[in-house]
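# Per-entry structural report
Given next are the chains, with one letter for each unit.
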Amino acid sequence: IDHNTYVAPLKKIERGIASSNVDLLAKTFVNRVLTDINMLALRVCADMLSTIYIDTAVPPKDISDLQKDIGALLSEVLKTNFPNDLQAFLVENLEKMRQALIGYQIYGNRGIKNVLESTIGAAFLRREQLVEEAKDEKKKKVIESFFAVIEKTTKILSLAEKVKTLAAPVINLFLPPG
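The following paragraphs examine the structure supplied in this document. Each chain carries its own residue numbering, running from 1 in the written order of its sequence. It should be noted that, the model being predicted, local features are given only for residues of pLDDT at least 70 and side-chain atom pairs only at 80 or more, the latter also being counted only at that level, while totals for whole chains, interfaces and linings use all residues. Side-chain descriptors were evaluated using all non-hydrogen atoms of the structure, hydrogens and water having been removed beforehand.

### Concerning the environment of Asp62
By the criteria applied, helices consist of DSSP H or I runs no shorter than four residues and strands consist of E runs no shorter than two, each listed in order from the N terminus. Along the polypeptide, Asp62 turns up in helix H4 (residues 60-79). Through-space distance from the C-alpha of Asp62 to that of Ile156 is 7.8 Å; in sequence the pair is 94 residues apart.

The structure is reproduced here in structure tokens:
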């Protein structure tokens, strides 16, 4: 985040509030400090903050555990005799999930959400092939593990979304509608 861009308007507001006294009329304060430009800057800040990872959202251990599960599952997928196209599908999507989890600390939950949506959609399109391959017990366990990873990833996303949802109303208290 470019602090000069996003923090400068907040400093103006802070100075205005700090220098105000009881005699300062609300209209004067609004006209001097809460200008259209400063309010626009606050909306931009709120939008920017809404896309940033909140470090208390998901415990790092949960992400680390899921990354380990993905690594173990990747090894199993590569050892299992899946058709090449299905094996490539499983490996590519597990790698995308792993990368999204790595990026979560930097980019927030957007990457996880995109990967889940594309993986679930692609799995739906391959459902007949997945059902057919699951007739083999070893392949069935790997496919079930794949969907278990999707489920765990969905839970992480759900937790991140709840924290973000809880933070949004607080930010919106400071902004006028519009």
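Picking up where we left off.
### What about H4?
Multiplying 1.5 Å by the helix residue count minus one yields the expected span of that helix. Here H4 is 20 residues long and its end C-alpha atoms lie 29 Å apart, about the 28 Å a rise of 1.5 Å per residue gives. Along H4, the positions that sit buried rather than exposed are Ile63, Leu66, Ile70, Leu73, Leu74 and Val77. Projected down its long axis, H4 shows its buried positions confined to an angular sector of 110°, all on one face. Seen from the open side of H4, the exposed residues pointing more than 90 degrees away from its buried face are Pro60, Lys61, Lys68 and Lys79. Throughout this description, buried means an accessible area under 20% of the type-specific maximum (1.4 Å probe, protein chains only), exposed means over 50%, and partly exposed covers the range between. Arc definition: it is the arc formed by the directions from the helix axis to the C-beta atoms.

### Notes on the packing of helix H5 (residues 84-107) against helix H6 (residues 110-125)
Angles run from 0 to 180 degrees between N-to-C directions of axes, and those axes are lines fitted to C-alpha atoms, restricted for helices to the stretch in contact. Interaxial distance between H5 and H6 falls to 7 Å at its minimum, and their mutual angle equals 165°. In terms of orientation, H5 and H6 fall into the roughly antiparallel class. Classified by chirality, the crossing of H6 by H5 is left-handed. Here H5 contributes Phe89, Asn93, Lys96, Met97, Ala100, Leu101, Tyr104 and Tyr107 to the contact with H6, which in turn contributes Arg110, Gly111, Ile112, Val115, Thr119, Ala122 and Ala123. Gly counts as polar in this scheme, as do all residues outside two lists: the nonpolar Ala, Val, Leu, Ile, Met, Phe, Trp, Tyr, Cys and Pro, and the charged Asp, Glu, Lys and Arg. For the contact of H5 with H6, the residue count by class is 10 nonpolar, three polar and two charged. Any angle between 65 and 115 degrees counts as roughly perpendicular, while under 35 counts as roughly parallel, over 145 as roughly antiparallel, and the rest as oblique. Two helices that cross are described as forming a left-handed crossing if the nearer one is turned anticlockwise from the farther one by less than a right angle, and a right-handed crossing if clockwise. Here, residues are in contact when the closest pair of their heavy atoms is within 4.5 Å.

### Focus on H5
If you check H5, its first and last C-alpha atoms are 32 Å apart, about what 24 residues at 1.5 Å a residue would give, namely 34 Å. The seven residues ending at a residue and the seven starting there each receive a fitted axis; the angle between those axes is the bend at that residue. At Leu101, H5 is deflected by roughly 25°, the largest bend along its length. Where H5 is concerned, the buried positions are Leu86, Gln87, Phe89, Leu90, Asn93, Leu94, Met97, Ala100, Leu101, Gly103 and Tyr104. Immediately downstream of H5, the backbone of Gly108 shows phi near 85°, a positive value.

Note that all results are geometric; they support no functional claim without further evidence.
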